[in-house]
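Topology and contacts: notes
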Amino acid sequence: MSNPSIKDIAAKANVSTATVSYVLNGTRNVRPKTRERVLAVIEELNYKPNDIAKSLKRRRTDTIGVIAEDVTVFNTPEIIDGINDYGDRHDLHILLTNLRLDKRIGRDFEHTDQYRKYATSAVSELLSKQVDGIIYIGVHPRDLTGLIDSEGKPIVYTYAYTQNDMAIQYNDEQASYEAMSYLVGRGHRRIAIISGLMDSIPSRLRLNGYYKAVTEFELPFDPLLIKMGDWERESGYRLTRELLSLPEPPTAILAMNDVMAVGVLQAANEAGVNIPADLSVIGFDNREFSDYLSPRITTMDLPLHEMGYRAMETLHDVIRGKQVERPEMPVCRLIERDSVAPPKGGKL
């Protein structure tokens, strides 16, 4: 056979053409036995690696497909800016597709089939435009394993998790631990936390950081200080009312997002509790409005730009055939504003 094709290799090795692509590009983990079988056929048919590399190089378009689950959600614009930043520096073009999931399905992520069709359609469209690879930006950090098939093209996820492909995600556990450390450093011991939905990965990881701080700093462990919210303002408001009505209320509240922190401020204001003199508050996400509230909210800033930049850098390395290790998670940083002060009397 003078010039065997990927289809020829796939047929002889009894695998899909996508699997052959995965083996050639090193873009996904393939079972060792399958990989060996494919490599044996490549050798048997005399399909030389340098010919593959040359043909891959010739087919490169320097265009990257970006699939955003929803460009109107707060995290996405800054991630896209990081992607563009890397693209500008390396002469890469971006093709952006917006799935509009927040408008189409809200937060109903459990029913994957509701939105799989949108993701599949976006991938098909980008592949038809000969993109070299794809970046997928989640609307909420969750496990997207098996959502889409990129048909052998390298793919990197960000603001999401996946078991099979590369994912660039910030360090939630570190962020809540750092927020707790800051409160402890200001003299707080009785610290409450208002979490997001418990079936979400960020909630679980941020609670891990909270528990780590409680253990490490030997804080009093009181289950009444742990409240389960739903990311919305109303839950922050309702749960703060519950916390303030405890026989021994907290001196500080860590809200897992700035939206719930708004509810904390409203409940405290209604109860005549002064922030930060009577109660300190830290939020999460560094949403733009957090700098305009009264008081201005101390919050954890997510490294969104860096995530986009690193996602693009990782994908570019994979496309160029570089060996890519799983990168370290970008870290969040505390933005100090006006909503934290030492507890009254400093005795707690």
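Residues numbered from 1 in each chain as written. Predicted model: local features only at pLDDT ≥ 70, side-chain atom pairs only at ≥ 80, totals over all residues. Heavy atoms only, no water.

Things to note about the pairing of strand 8 (residues 252-255)
Working note: regular strand, side chains alternate between the two faces of the sheet. Burial along strand 8 is two-sided: Ala 252 and Leu 254 and Ile 253 and Ala 255, pointing in opposite directions, are all buried. With four bridges connecting them, strand 6 (residues 191-195) and strand 8 associate as parallel partners. Bridging from a neighbouring strand, Ile 194 pairs with Ala 255 of strand 8. Of the crossover connections in this fold, the one passing from strand 8 over helix 11 (residues 258-270) to the parallel strand 9 (residues 280-284) is right-handed. (Buried < 20%, exposed > 50% of the residue type's maximum accessible area, 1.4 Å probe, protein only. Helix = DSSP H or I, 4+ residues; strand = E, 2+ residues; numbered from the N terminus. Pairing = 2+ DSSP bridges. Right-handed = clockwise from strand over helix to strand, strands pointing away.)

Section: the sheet that holds strand 9
Reading across the sheet, the six strands line up as 7-6-8-9-10-11 and stay open at both edges, with mixed pairing between neighbours. Each edge of the open sheet carries a strand with a single partner, namely strand 7 (226-228) and strand 11 (333-335). Neighbouring strand axes in the sheet, compared pairwise and without regard to direction, differ in orientation by 20° on average. Pairing between strand 9 and strand 10 (residues 298-301): three bridges, direction parallel. If you follow Ile 282 over to strand 10, its bridge partner there is Thr 298. With respect to the sheet, helix 8 (residues 172-185) is in contact with strand 6, strand 8, strand 9, strand 10 and strand 11, its orientation differing from that of strand 9 by roughly 165°. Relative to strand 9, helix 11 is tilted by about 155°, and along the sheet it contacts strand 6, strand 8, strand 9 and strand 10. (Axes fitted to C-alpha atoms, helices over the stretch in contact; angles between N-to-C directions. Contact = heavy atoms within 4.5 Å.)

With respect to the domain arrangement of the protein
Where interface size is given, it is often the accessible area lost as the parts come together that is meant. When the domains of the protein are assigned, the result is domain 1 (6-49), domain 2 (61-169 + 303-330) and domain 3 (172-301). If you average the C-alpha positions of domain 2 and of domain 3, the two centres end up 31 Å apart. The interface of domain 2 with domain 3 comprises nine residues on the first partner and 10 residues on the second. Around 680 Å² of area is buried between domain 2 and domain 3 when both sides are counted, 60% of it from carbon and sulfur atoms. Looking at the side of domain 2 facing domain 3, the largest losses of area belong to Phe 74, His 140 and Tyr 161, adding up to 58% of the total buried there. Joining domain 2 to domain 3, the criterion identifies zero salt bridges. Where domain 2 packs against domain 3, one counts zero residue pairs in polar contact (both at pLDDT 80 or more). Residue composition of the side of domain 2 that touches domain 3, grouped by class: four nonpolar, two polar and three charged. (Domains from an automatic or database assignment. Buried area = accessible area lost by both parts, 1.4 Å probe. Salt bridge = Lys/Arg side-chain N within 4 Å of Asp/Glu carboxyl O. Polar contact = N/O pair within 3.5 Å; in protein donor to acceptor, adjacent residues only side chain to side chain. Nonpolar A, V, L, I, M, F, W, Y, C, P; charged D, E, K, R; others polar.)

Thoughts on the packing of aromatic side chains
Tallied over the full model, the rule gives seven aromatic pairs. Between Phe 109 and Tyr 115 the ring centres are 6.4 Å apart and the planes differ by 90°, which places this aromatic pair in the edge-to-face class. Residue classification places Phe 109 among the buried residues on the basis of a relative accessible area of 13%. Judged by relative accessible area, Tyr 115 falls into the buried class, the value being 2%. Both rings, one in Tyr 210 and one in Tyr 211, keep their centres 5.9 Å apart while their planes meet at 65°; by these two values the pair is edge-to-face. The exposure class of Tyr 210 is buried, given its relative accessible area of 3%. On the basis of relative accessibility, which here comes to 33%, the residue Tyr 211 falls in the partly exposed class. Among the aromatic residues, those joined into a cluster by ring pairs are Tyr 210, Tyr 211 and Phe 221. (Phe/Tyr/Trp six-rings, centres within 6.5 Å; stacked < 30°, edge-to-face > 60°.)

Looking at the side chain of Asp 258
Position of Asp 258 relative to the elements: it lies in helix 11. Here the side chain of Asp 258 touches Asn 286 through a polar contact of 3.0 Å, landing on its backbone nitrogen. Excluding its chain neighbours within four sequence positions, the residues that come into contact with Asp 258 are Gly 283, Phe 284, Asp 285, Asn 286, Arg 287, Phe 289, Ser 290, Ile 297 and Thr 299.

Some words on the pairing of strand 10
Note that strand 10 and strand 11 share three bridges and pair antiparallel. Looking across to strand 11, one finds that Thr 299 is bridged to Ile 335.

Observations regarding the sheet that holds strand 5 (residues 166-168)
In space, the five strands of this open sheet follow the order 2-1-3-4-5, with parallel pairing throughout. The sheet is open, and its two edges are formed by strand 2 (93-98) and strand 5, each paired on a single side. Each strand of the sheet is rotated relative to its neighbour by a mean of 20°, with strand direction disregarded.

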